[in-house]
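Structural characterization, general
Listed here are the chains, written in short residue letters.
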Amino acid sequence: SAQNTLEIRNNVYQTDEWTNITPKILSYIGLNKHLQKNHPLSIIRQRIVNYFYRSYTNSRGNPLFSVHDKICPVVTVQQNFDNLLVPADHPSRAKSDCYYINKHYLLRAHTTAHQIELIKSGLDNFLAVGDVYRRDEIDSTHYPVFHQLDAVRLISQDKLFGNNLDLHIFESSYKVNPSSFSPINSSSKCIDQSKQPCHTLEAVKLTEHELKTILLGLAKDLFGNNIEHRWIDTYFPFTQPSWELEIYYKGNWMEVLGCGIMRHEILESCGVTNSIGYAFGLGLERLAMVLFDIPDIRLFWSNDTGFLHQFNESNLYKLNKYKPVSVYPQCKNDLSFWLPENQDIDSFSANDFYDIVRNVGGDIVEQISLVDKFKHPKTGKSSLCFRIVYRHMERTLTQAEVNEIHSKIAQSCVEQLEVTIR
Ligand code: PHE
């Protein structure tokens, strides 16, 4: 029946016990803010794309990288996780962190989900850009939909070492072995941060140098030549070694991107046996917020001309700073409830609660914080109190309209979480 199916972009999906995608989230699919004319996310996308077009050209002067920015965000669990060697028990797979359509399909949680299909289609230098979806807290820097740009570059033996026949990408002991395709355990602390066993140190060092040079160049293109930066060792299931680039900006170290040398098992699974690859991924919102002085992530979804008319893509290298027309006041309302009789505070899913608040309250919800929790000593029942801060980006809210939305949120919590309002 229609109740057990969901239609997304002309495809019909069976729902099941994994389904947690909401109508509100469905409404974002296809909005493509990263492609909207004069939108700050689109301006940052074009800056990065142009930087890559300029930085890598073939002998005829044409760009090496191709750009893929209209890929549907519905992906399989295999694309988002398994293909990228994300361990079966990795927390990023949890239902509480992703929007699942059903057991097999979800909205991509990163644009890295498209790596394998793009490499398999024969590409060796590409960028993938698009909307990604993650269940998360609610504040001025988190939103359940945001945008990422991912890149892959594959470098063959002769591209890396020219006609120097003494240098090789792979250790002589390395043999192509399809059965080696298995995730490494993320909890094991013994990941070799210098290189993967199959690679030679010289191949890794040369690729690392190219990767870090190109990414530092990108950071300078965006933030100016005088930035201070640092590379932090990190872990991603799909790269080894892996780093994060941080830059010092307005008094804080800010994470700009994640990157690394691609796990060779991934290339092998695509039939690529003679190249080493680098990959990176970055979030567009965070960059745009800093570069345009945009104070709240909800503004990227504004249809208000007062917001959109402030930006102009005709000169990508002159970014207008965002000027708030005025800052409208906040309204705060607390919501306290008892959990159902036998439910413990630890088993309460905050993300389920946040989704209800978003569905009912929409973008006027600015922040939610937990202000109190306790267990009644006699009845054993648990109580939670959340403070919801409401603020409209473009007008003043009345207390009456906030109260109405607040009680609708309370009502939905009673229906969906089986709580009792205090
Ligand atoms: N997908 C990673 C993220 O979402 C970023 C990344 C992409 C890291 C590619 C390394 C290589 O954080």
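The structure we're discussing is the one just above.
What you are looking at is a predicted structure, and each value in this text was computed from that prediction instead of being measured.

A few words now on the overall build of the protein. Scanning the protein from terminus to terminus reveals 11 helices and 15 strands. By the compact-globule yardstick of 22 Å for 422 residues, the protein fits well, its C-alpha radius of gyration being 24 Å. Each principal axis of the C-alpha distribution contributes one length, and for the protein these read about 75 × 50 × 45 Å. Looking at the protein residue by residue over its 422 residues, the buried ones come to 49%. Counting contacts in the protein only where the partners sit at least 6 residues apart, residues at least 24 apart contribute 69% of the total. When the accessible surface of the protein is totalled, it reaches about 19900 Å², and 49% of it is carbon and sulfur. Side chains of the protein give 43 positive and 48 negative charges; the mean places of these two sets differ by 4 Å.

Our next topic: the pattern of salt bridges. Evaluated as defined, the whole model comprises 22 salt bridges. Its salt-bridge partner being Asp352, residue Arg135 comes within 2.7 Å of it at the nearest N-O pair. One end of the pair, Arg135, is in the loop between β6 (125–133) and β7 (145–156); the other, Asp352, is in helix α10 (residues 350–361), with 217 residues separating them in the sequence. Of the residues examined, Arg135 reaches a relative accessible area of 6% and is grouped as buried. By relative accessible area, which is 35% here, Asp352 ends up partly exposed. The shortest N-O distance in the salt bridge between Glu265 and Arg263 comes to 2.9 Å. When sorted by exposure, Glu265 lands in the same class as Arg263, which is buried.

Definitions and limits used
Residues numbered from 1 in each chain as written. Predicted model: local features only at pLDDT ≥ 70, side-chain atom pairs only at ≥ 80, totals over all residues. Heavy atoms only, no water. Helix = DSSP H or I, 4+ residues; strand = E, 2+ residues; numbered from the N terminus. Rg over C-alpha atoms; globule rule 2.2 N^0.38 Å. Buried < 20%, exposed > 50% of the residue type's maximum accessible area, 1.4 Å probe, protein only. Contact = heavy atoms within 4.5 Å. Areas by Shrake-Rupley, 256 points an atom, 1.4 Å probe, with all protein chains shown as cover. Lys, Arg positive; Asp, Glu negative; His and termini not counted. Charge placed at Lys NZ, Arg CZ, Asp CG, Glu CD. Salt bridge = Lys/Arg side-chain N within 4 Å of Asp/Glu carboxyl O.

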